[in-house]
Amino acid sequence: MIINHPLLGPRDANEFVHLGDVSMIDRPDGMDADAAAKFHDYLYLRDNPAGEYRELWYHEAGDRSWLVVTRDTLTHAISSVELARDVARTRGRSK
Amino acid sequence: MSNNFRIDVKKSAGLIDRTQPMTFKFNSKTMHGFQGDTLASAMLANGERLVARSFKYHRPRGIFSAGSEEPNALVQLRTGAYQEPNTRATTAELFDGLTATSQNHRGPLGFDIMSATDLLSPFLGAGFYYKTFMWPAAFWEKLYEPIIRASAGLGSLSMLEDPDKYDKGFLHCDLLIAGAGPSGLSAALAAGRSGARVIIADEDFVLGGRLNAENHTIAGMSGHDWAQQTLAELAAMDNVRILPRTTIFGAYDHGIYGALERKTDHLPHAGDKPRQVLWRIYSKHALICAGATERSIAFANNDRPGIMLAGAVRAYANRWGVATGKQVAIFTNNDSGWQTASELSAKGVNITAIIDPRDTAPRAHIAGATIVMGASVCNTAGRKALHRITLTNGQTLNADCLGVSGGWSPNVHLTCHQRGRPVWNDDIAGFVPGGDLPVGQTIAGAANGDMTLGAALSAGHKAANGIVKELGFTNSRAQVAKADDETFAIKQFWHVTGHKQRAWIDLQNDVTTKDVKQSQAEGFKSVEHLKRYTTLGMATDQGKTSNVLGLAVMAEATGKTIPETGTTIFRPPYNPVAVGAFGGRERGQHFHPTRLTPSHRWADEQGAQFVEVGNWMRAQWFPKQGDKTWRDAVDREVIQTRASVGVCDVSTLGKIDIKGTDAAAFLNKMYSNPFAKVPVGRVRYGLMLREDGICYDDGTTARMSENHFVMTTTTANAVLVYRNMEFARQCLFPDMDVHLISTTDQWAQFAVAGPNARAVMAKIVDKVDMSNDGFPFMACADVTVCGGTPGRLFRISFSGEIAYEVAVPARYGDALIREIMDAGAEFDITPYGTEALGVMRVEKGHVTGAELDGRITAFNVNMNGMVSVKKDSIGATLSRREMMVAENQVRLVGVKPVDKSDTLSAGAHFIAPDTAPTTQNDLGWISSVCYSPHFEQHIGLGFLKGGHKRHGEIIRAWDGVRGTDVDVEIVSPHMYDPEGGLQRG
């Protein structure tokens, strides 16, 4: 596979490490009253779609950017690649 | 020379160089061939008919095809460590001195004692393993499998290390063309002329595909000459790369293709060159011009040596000047068989008969040939080679070669590698690609069902022009080369019925029409089941000549059409690829990189024994003259360190530099214990959890200044911890002002430990008050050493002694270890390795990877108090789940044998006295053991249910693997200096 890195252009998938669902960004706050239930869902519940999937990849043998790659799990077609930091901010994360 | 079957040079010069004779050996027989021969063409020229025994029935087999689809003629090539099994004689290029041996027989090839298997064939039909060898189950491993393995099968391995070299490489292009036949060459010409970067690859050593095997005319010259002229034009283009002897074996994601180039297989010796190169080709677009493969017709005893594909008979005559027989008969359901008859007859080869099941007028008049229309060959005779054929009209004819053509199957393999499903085309009686090709792939020529020459040439030309235009190049105005279309007419005719004998479909796996019908009768009707039940289409040829025939017979048996029956699809590789090619240079020592510590050269000079720790080589112990065992060295290192001073290279620990105004806040998230208020100039031990609450890693982190921390991780987790921290930094806390960089390789770090460590370090470190008040336990500072070399000093202790870790830029590591040894000489300083390090940490009760093994929580190691409830950190919430902190959970304990002379073993289970060693009675396990020179006995660390409350109890350590059962006392894990007074001193 080839991942079109937003900063570095097309790079071979060999350079990357795969993590999984983009929802890993949405980590609950451990100080919340119902944190245990939220963490359970965060850690153990995943969608496994046949089709478009947003997932985290890490450019470990490159610039060490975490990326959000939108990939069709049926065809491996990649429709977008974003910096995970930008995605995290749009999903409300800050400090 | 004994080339009795070579056609006179005036009648068929072929593409061989008769001025370059070559000698080769098949079994013990010495034979001759010419430059340009394959092993198969040379053997046929020498009249060698019987070349192999079949897989299951050990039937005599001859050469069947003239290409990589060959099911029969598999031989072992070369000898000794260079021996390669299952090589197709039809693709092996002849070289002077080549040695080949036949496979799968006991005794000589002509008298294989295993051929008795053939008489047992009624018992060996489809699925016979599944039925016969079912019981008793115990017989399988000891009896059945060894017998089956010895009697069925292909070649054998030399069992020696492969002495050849293999390389890997990367290529990039606008257009990759797979196949250099008429459509491929025509496409390459069009694309090359447009200026696009083109790679054209073909598995043959003479490019041109069927143009080299046929008598075609293109643009007023012979097909072979046109191919050579085209290749010369392509070779002159800087933007075109021609890869002969290269098989495109797989179509992968995003336009990446796998290719195997055979660099030196055609030479007697590879010399220092790589034997094969595995290319990864990145293409913007790929055009598959893989041609088509001829298939057979099933009739009784259709597997004898001398029965071969009609197109192969033609190829041997045209390309290699070889007559495959003295009396050649042709059995064909299409016009291409007639082509063989006409061309061989014109070269003076005796054509005895043409049998065509079509009820039409004969396609040609062949002098001296019996022509029978509307009939079939229904049986053959000849024990080790064909002698006679019998026709359905009762006629019997002598023949030593029978060319069979059941039609041509387009080579759609590469279109299937991403689950593309071919569709049936009735006009050509073959499967052609469906619409679902891999992205960026186009197919043209015979592989796409353009079965005639003119059509193939223009399909390639048109496809290439379309592709390069799409890629932004301007098409050349050159026209496609002109050629006529030969006739192509076929009747779908698969097998001759009305007999009870075996009629082969898949020669390589000995699958007959009976097996297919039996598979249907027993309910294995889908093509996927058919394949698995009968083994149709498996092994090295992957059914290139048999798949379509097999499913046509299945369709007939089920009363369905071929499109209703469907087809199996293909996976990579198109042809077998040696494992060595996938390994490339990454074998032996080069399987992974070797990392050496900064003191490696020095340690090597001391005669250190090294141990692999991941990629690192670490000193394990430092032997001295007089040591009887490794333990002598380890005990000495421990005793001397505890009595005076020792030094150990700890550079392999992961080091992460953390800077930023939010660095402390960030660490507070990473570690479960508080880090926000660590004072500048102090080090703190930190525990890292996974988000599910399991312990992940531990280490010390030093606050060098307000916004600068230096973290250490365990050696094993250096990469993973850094990855997780980058995840947290970028994905969880994107606005924190914090930056990370791994500096593991940048710093050499040494632990100096023991009562005299302070005195030694005072001589090494410049201008630092080394008193206990001036530089107390857990202090850290940026310092200089040895008169001005920048460094870092940490007062941390893994051994339990007064200890320092001193770090300098890696390039000074070698110098620093020598300086430390000099400074310590007056204290009889000892270097110590990983074993002594391990002994001291067990004595002290420190955990490592043996304890933090991915199942252990902070609670299990009695460190749950470190998981702060006042802040949110990774893993903290889920570490408090009810069952993870339940009373009956295992807890870290120390363990000592009651009898001091007993030994302990890691992996032993804790069992209460007087209970059976069962899973129900299991109380925990021992994770680490060592001989402690301090306690003069074995000691260990382990996990025991409720262990923190059981210090002083006597239980058993039972080890069923090693057969030991030892009474042990449970003690505190902190066995050496439990109060920690020494390290603070």
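For the structure, see preceding data.
What counts and what doesn't
Residues numbered from 1 in each chain as written. Chains lettered and ligands numbered in written order. Predicted model: local features only at pLDDT ≥ 70, side-chain atom pairs only at ≥ 80, totals over all residues. Helix = DSSP H or I, 4+ residues; strand = E, 2+ residues; numbered from the N terminus. Buried ≥ 20, exposed ≤ 12 C-beta atoms within 10 Å, placed from the backbone. Contact = placed C-beta atoms within 7 Å. Nonpolar A, V, L, I, M, F, W, Y, C, P; charged D, E, K, R; others polar. Pairing = 2+ DSSP bridges. Axes fitted to C-alpha atoms, helices over the stretch in contact; angles between N-to-C directions. Parallel < 35°, antiparallel > 145°, perpendicular 65-115°, else oblique. Left-handed = near helix turned anticlockwise from the far one by under 90°. Core = buried A, V, L, I, M, F, W, Y, C linked by C-beta atoms within 7 Å. Expected span 1.5 Å × (residues − 1).

Visitor: Which parts of the structure should I look at to understand the overall build of chain A?
Guide: If you tally the helices and strands in chain A, you get 2 helices and 6 strands. Mapped in sequence order, the helices and strands of chain A form the string β-β-β-α-β-β-β-α. Projected onto its principal axes, the C-alpha coordinates of chain A cover approximately 45 × 30 × 20 Å. Taking all 95 residues of chain A together, 21% fall into the buried category. A separation threshold of at least 6 residues defines the contact pool for chain A, and within that pool the share at least 24 residues apart is 50%.

Visitor: Explanation requested: the overall build of chain B in the structure shown.
Guide: Along chain B, the regular secondary structure elements total 23 helices and 50 strands. The dimensions of chain B, computed from C-alpha atoms along their principal axes, are 115 × 70 × 55 Å. Counting the 985 residues in chain B, one finds 52% classified as buried. Expressed as a percentage of contacts within chain B between residues at least 6 apart in sequence, the contacts between residues at least 24 apart total 66%.

Visitor: How do you make sense of the interface of chain B and chain A when you look at a structure like this?
Guide: Frequently, the measure chosen for interface size is the accessible area removed from exposure when the parts meet. Facing the 21 residues of chain B at the interface are 27 residues of chain A. Of all the secondary structure elements, the ones that give two or more residues to the side of chain B that touches chain A are helix 18 (718-732) and helix 22 (876-879) of chain B. Ranked by residues supplied to the side of chain B that touches chain A, first place goes to helix 18 of chain B with 6 residues. Here the residues of the side of chain B that touches chain A are counted per class, giving 9 nonpolar, 3 polar and 9 charged.

Visitor: Sorry, what's going on with the sheet that holds strand 46 (residues 909-911) of chain B here?
Guide: The strands making up a sheet associate through hydrogen bonds between their backbones, and the pairing can be parallel or antiparallel. All names here are of chain B. One closed barrel accounts for 6 strands, arranged 45-48-47-46-49-50; its pairing is antiparallel. Averaged over neighbouring strand pairs, the angle between their axes works out to 45° when direction is ignored. The sheet contact formed by strand 49 (residues 954-959) and strand 50 (residues 964-971) spans 6 bridges and is antiparallel. Note that in strand 50 the partner of A957 across the bridge is V966. In the packing of helix 21 (residues 834-844) onto the sheet, contacts are made with strand 47 (922-932) and strand 48 (937-945), and the angle to strand 47 comes to roughly 130°.

Visitor: Just checking my understanding: could you explain the environment of B:R855 for this structure?
Guide: The residue B:R855 is located in the loop between helix 21 and helix 22 in this model. In sequence terms B:R855 and B:S901 are 46 residues apart; their C-alpha atoms lie 32 Å from each other.

Visitor: Help me out: how do you make sense of the sheet that holds strand 24 (residues 401-405) of chain B in this one?
Guide: Residues and elements named next belong to chain B. The parallel open sheet is built from 5 strands, whose spatial order is 17-24-18-19-20. With partners counted over all chains shown, the strands left at the sheet margins are strand 17 (307-309) and strand 20 (370-373), one partner each. The sheet shows a mean angle of 20° between the axes of neighbouring strands, taken without regard to direction. In this structure, strand 18 (residues 328-332) lies alongside strand 24, joined through 5 bridges in parallel fashion. Residue pairing for strand 24: A329 is matched across the bridge by L402. Contacting strand 17, strand 18 and strand 24, helix 6 (residues 310-320) runs over the sheet at an angle of about 120° to strand 24. Against the sheet, helix 7 (residues 335-346) engages strand 18, strand 19 (351-356) and strand 24, with an angle of about 160° to strand 18.

Visitor: Looking at this model, I keep getting lost on unusual backbone geometry. Mind explaining?
Guide: Most peptide bonds adopt trans geometry, and most residues besides glycine take a negative phi value. Residues and elements named next belong to chain B. Each neighbour pair has its own omega, and for P572 with P573 the value is 0°, a cis peptide bond. With respect to the helices, strands and loops of the structure, P573 is situated in the loop between helix 13 (562-565) and helix 14 (579-583). Positive phi outside glycine occurs at A539, with the angle close to 70°. The residue A539 is located in the loop between helix 11 (527-534) and helix 12 (547-558) in this model. Look at A539 and you get partly exposed, because 17 C-beta atoms sit within 10 Å.

Visitor: Honestly, the packing of helix 10 (residues 513-521) of chain B against helix 12 of chain B in this entry has me stumped. Any pointers?
Guide: When two helices pack together, their arrangement is captured by the angle between the axes and the distance separating the axes. Residue and element names in this part refer to chain B. It is at 9 Å that the axes of helix 10 and helix 12 come closest, and there the two elements cross at 45°. One way to sum up the angle between helix 10 and helix 12 is to call them oblique. As for how helix 10 packs across helix 12, the hand of that crossing is right-handed. For the pair helix 10 and helix 12, contact is made by T513, V516, K517 and Q520 and by G550, V553, M554, A557 and T558, respectively.

Visitor: Explain the pairing of strand 50 of chain B to me, please; I cannot follow it from the model alone.
Guide: For a regular strand, side chains alternate in direction, first toward one face of the sheet and then toward the other. All names here are of chain B. Looking at chain direction, strand 45 (residues 890-897) and strand 50 are connected through 4 bridges and run antiparallel. Among the inter-strand pairings, K896 is bridged to a residue of strand 50, identified as E969. In this structure, the hairpin formed by strand 49 and strand 50 is closed by a connection of 4 residues, where G963 is found at a positive phi of approximately 70°.

Visitor: Can you walk me through the nonpolar core in this structure?
Guide: Most often, soluble globular proteins keep nonpolar side chains buried together rather than apart. Formed by 165 residues in total, the largest nonpolar core has its most connected members in B:L175 and B:L287. Looking at this core, the element that brings in the most residues is helix 9 (residues 453-470) of chain B, giving 9 residues. Contacts of B:L287, omitting those with residues within four sequence positions, involve B:L175, B:I177, B:A187, B:T442, B:A444, B:A463, B:A464 and B:I467. Counting residues in each nonpolar core, the second largest holds 120 residues, with A:V22, B:A608, B:A748 and B:V929 among its members.

Visitor: What is the right way to look at the packing of helix 16 (residues 630-643) of chain B against helix 21 of chain B in this model?
Guide: Residue and element names in this part refer to chain B. Orientation of helix 16 relative to helix 21, taken along the N-to-C sense of each, is 55°, at an axis distance of 9 Å. Taken together, the axes of helix 16 and helix 21 are oblique relative to one another. In this structure, the crossing between helix 16 and helix 21 has a hand that is right-handed. Counted together, V634, E637, V638 and T641 of helix 16 and E835, A836, V839 and M840 of helix 21 form the full contact between these two elements. Here the contact of helix 16 with helix 21 is built from residues that sort into 5 nonpolar, 1 polar and 2 charged.

Visitor: What exactly am I supposed to notice about the pairing of strand 13 (residues 246-251) of chain B here?
Guide: All names here are of chain B. With 5 of 6 residues buried, strand 13 lies mostly within the body of the structure. The pairing of strand 13 with strand 14 (residues 256-262) spans 5 bridges and is antiparallel. Looking at strand 14, one finds that T247 is bridged to L260. With antiparallel pairing between neighbouring strands as the criterion, strand 13 and strand 14 make up a hairpin whose turn holds 4 residues, including H254 at a positive phi of roughly 60°.

Visitor: Help me understand the environment of B:N668 in this model?
Guide: Assignment of secondary structure puts B:N668 in helix 17 (residues 663-670). Along the chain, B:N668 and B:A137 lie 531 residues apart, while their C-alpha atoms are 59 Å from each other.

Visitor: Quick question: what am I supposed to make of helix 18 of chain B here?
Guide: For an α-helix the count is 3.6 residues per turn, leaving residues at separations of three or four pointing the same way. All names here are of chain B. For helix 18, which comprises 15 residues, the first-to-last C-alpha distance of 20 Å matches the rise-based estimate of 21 Å (1.5 Å per residue) to within 8%. Helix 18 sits mainly inside the fold: 11 of its 15 residues count as buried. Every buried residue of helix 18 is accounted for by A718, V721, Y722, N724, M725, E726, A728, R729, Q730, C731 and L732.

Visitor: What's the story with helix 12 of chain B in this structure? I'm lost.
Guide: Residue and element names in this part refer to chain B. The terminal C-alpha atoms of helix 12, which comprises 12 residues, lie 17 Å apart, in line with the 16 Å expected from a rise of 1.5 Å per residue. Here helix 12 lies mainly inside the structure; 9 of its 12 residues are buried. N547, V548, L549, G550, L551, A552, V553, M554 and A555 are the residues of helix 12 that are buried. Count one or two residues on from helix 12 and you reach G559, which has phi positive near 70°.

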